[in-house]
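# Residue-level structure breakdown
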Amino acid sequence: MSLANNIDYDYLMKFLALGDTGVGKTSFLYQYTDGKFHSQFISTVGIDFREKRVNYTSRGRNYRIHLQLWDTAGQERFRSLTTAFYRDAMGFLLMFDLTNERSFLEITNWLEQLRMHAYSENPDIVLCGNKCDLEATRVISIEQGQALANRYQLPYIEASACTGLNVKQAIELLLGQVMERMENSMNNPELARLMLGASHTSIIDRNLRMSISAEEVKNNEDFTKNQCNC
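Residues numbered from 1 in each chain as written. Predicted model: local features only at pLDDT ≥ 70, side-chain atom pairs only at ≥ 80, totals over all residues. Heavy atoms only, no water.

## Focus on the overall build of the protein
Stated formally: Helix and strand assignments come from DSSP, with helices taken as H or I runs of at least 4 residues and strands as E runs of at least 2, each series counted from the N terminus. Three labels apply to residues, based on accessible area from a 1.4 Å probe with only protein chains included: buried if under 20% of the type maximum, exposed if over 50%, partly exposed otherwise in between. Contacts: residue pairs with any heavy atoms within 4.5 Å of one another.
Helix and strand counts for the protein come out as 8 helices and 8 strands. Residues classed as buried in the protein amount to 50% of the 230 residues present. For the protein, restricting intrachain contacts to residue pairs at least 6 apart in sequence, the fraction spanning at least 24 positions comes to 77%.

Structure follows, in structure tokens:
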């Protein structure tokens, strides 16, 4: 299904990065789109996104893909905002911090939210353990991460937003899943809705970023500046 002739890509795809606050979602997406790492980020407030063009080859055909990578707030108070975006996303990067056990335990809750609000009860998800470069402070083993992924039948990858290790591979893994589903399910009405919606909203999506003004952030005593050792 091609988009309008005045758009110089074949598909626009929206992926959501999900996970607890501080797991490194913003750093991860910034590393993917810009190839740079920033050690400090203000906690994402509401939702924002980054973009990147990629080429994807499948079944002998080349596709030009425009990726919108939505960066969601992990704080509980923003969950009602982020869940509104689940239904329009085609794939999900579900992240936890390998040095933070709580973020790992919360994966089950994130999956429940996903299956309640996503376009399908079985959406395309890649489970990603971030900060694998911090071996000295790691508390979640490869075996634990893989066991959780196996439990929910998800692909699992460990990455580092700091070094860039497996960042590109994680996104490509998710893209491959989504493309395979799309090619095998062209008669799926929900996928058709997402693809048609993407063709009409690629420009106005820039106006849909949810955020809180700087003044509101200053007045929010819970808002803190995270040290990100991703």
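## With respect to the side chain of Asp-10
Quick note on the threshold: Think of a polar contact as two N or O atoms within 3.5 Å of one another; within protein, one of them needs to be a possible hydrogen donor and the other a possible acceptor, and neighboring residues in sequence only count if both atoms come from side chains.
Positionally, Asp-10 belongs in the segment before strand S1 (11-18). At 2.7 Å, the side chain of Asp-10 forms a polar contact with the backbone nitrogen of Arg-64.

## Digging into the packing of helix H1 (residues 25-34) against helix H6 (residues 167-184)
What counts here: Only the stretch in contact is used when fitting a helix axis, every axis being a line fitted to C-alpha atoms; angles between N-to-C directions are given from 0 to 180 degrees. We call two directions roughly parallel when the angle between them is under 35 degrees, roughly antiparallel when it is over 145, roughly perpendicular when it lies between 65 and 115, and oblique otherwise.
Relative orientation of the contacting elements H1 and H6 amounts to 90°, with a least axis distance of 9 Å. Of the possible angle classes, the one that applies to H1 and H6 is roughly perpendicular. Facing H1, whose interface residues are Phe-28, Gln-31 and Tyr-32, H6 presents Val-167, Lys-168, Ala-170 and Ile-171.

## A few points about the pairing of strand S3 (residues 47-58)
Regular strands have side chains that alternate between both faces of the sheet. The line we're drawing: When DSSP finds at least two bridges between two strands, those strands are taken to pair.
Relative to strand S4 (residues 61-72), S3 is paired through 12 bridges, and the arrangement is antiparallel. Residue pairing in the sheet places Arg-53 in a bridge with His-66 of S4. Between S3 and S4, which follow one another and run antiparallel, lie 2 residues, and Arg-59 among them has a positive phi close to 55°.

## Describing the sheet that holds strand S5 (residues 91-97)
The sheet built from 6 strands is open, its strands ordered S3-S4-S1-S5-S6-S7 with mixed pairing. Each of the sheet's edge strands pairs with one partner strand only, and the pair in question is S3 and strand S7 (156-158). The sheet shows a mean angle of 25° between the axes of neighbouring strands, direction not considered. As defined by bridge partners, S1 adjoins S5 across 4 bridges and the pair is classed as parallel. Looking at the pairing, Leu-18 lines up with Leu-94 of S5. Running at roughly 155° to S7, helix H5 (residues 142-151) makes contact with strand S6 (124-130) and S7 of the sheet.

## Details of the confidence of the model for the protein
Our working rule: The predictor's confidence in any single residue is recorded as pLDDT, a number from 0 to 100.
In this model, the protein carries a mean pLDDT of 80, and residues with pLDDT of at least 70 account for 71%. Taken together, the stretch residues 1-5 has pLDDT below 50 and engages in 14 contacts with residues farther than four places along the chain or on a different chain.

## Topic: the pairing of S6
Rules: Here the term right-handed applies to a crossover when the path leading from its first strand over the helix to its second strand runs clockwise, the strands being oriented away from the viewer.
Of all 7 residues in S6, 7 are buried, a share of seventy percent or more. In S6, alternate side chains face the same way, and those of Asp-124, Val-126, Cys-128 and Asn-130 on one face and Ile-125, Leu-127 and Gly-129 on the other are all buried. As judged from the 7 bridges shared by S5 and S6, these two strands associate in the parallel manner. Bridging from a neighbouring strand, Met-95 pairs with Cys-128 of S6. Where S6 lies against S7, 3 bridges are found, and the strand directions are parallel. Paired with Leu-127 across the strands is Tyr-156, a residue of S7. You can see the chain leave S6, run along H5 and come back into S7, and the turn it takes is right-handed.

## Section: the pattern of salt bridges
This is how it is decided: Salt bridges are identified by distance alone: a Lys or Arg side-chain nitrogen within 4 Å of an Asp or Glu carboxyl oxygen.
One pass over the full model with this rule turns up 8 salt bridges. Ionic pairing is found between Arg-53 and Asp-8, a salt bridge with its closest N-O pair at 3.0 Å. Of this pair, Arg-53 sits in strand S3 while Asp-8 sits in the segment before S1, and the two are 45 residues apart along the sequence. A relative accessible area of 41% places Arg-53 in the partly exposed class. The exposure class of Asp-8 is partly exposed, given its relative accessible area of 48%. A salt bridge links Arg-64 to Asp-10, with the shortest nitrogen-to-oxygen separation between them at 3.3 Å. With Arg-64 in strand S4 and Asp-10 in the segment before S1, the pair connects residues that are 54 residues apart, well separated along the chain.

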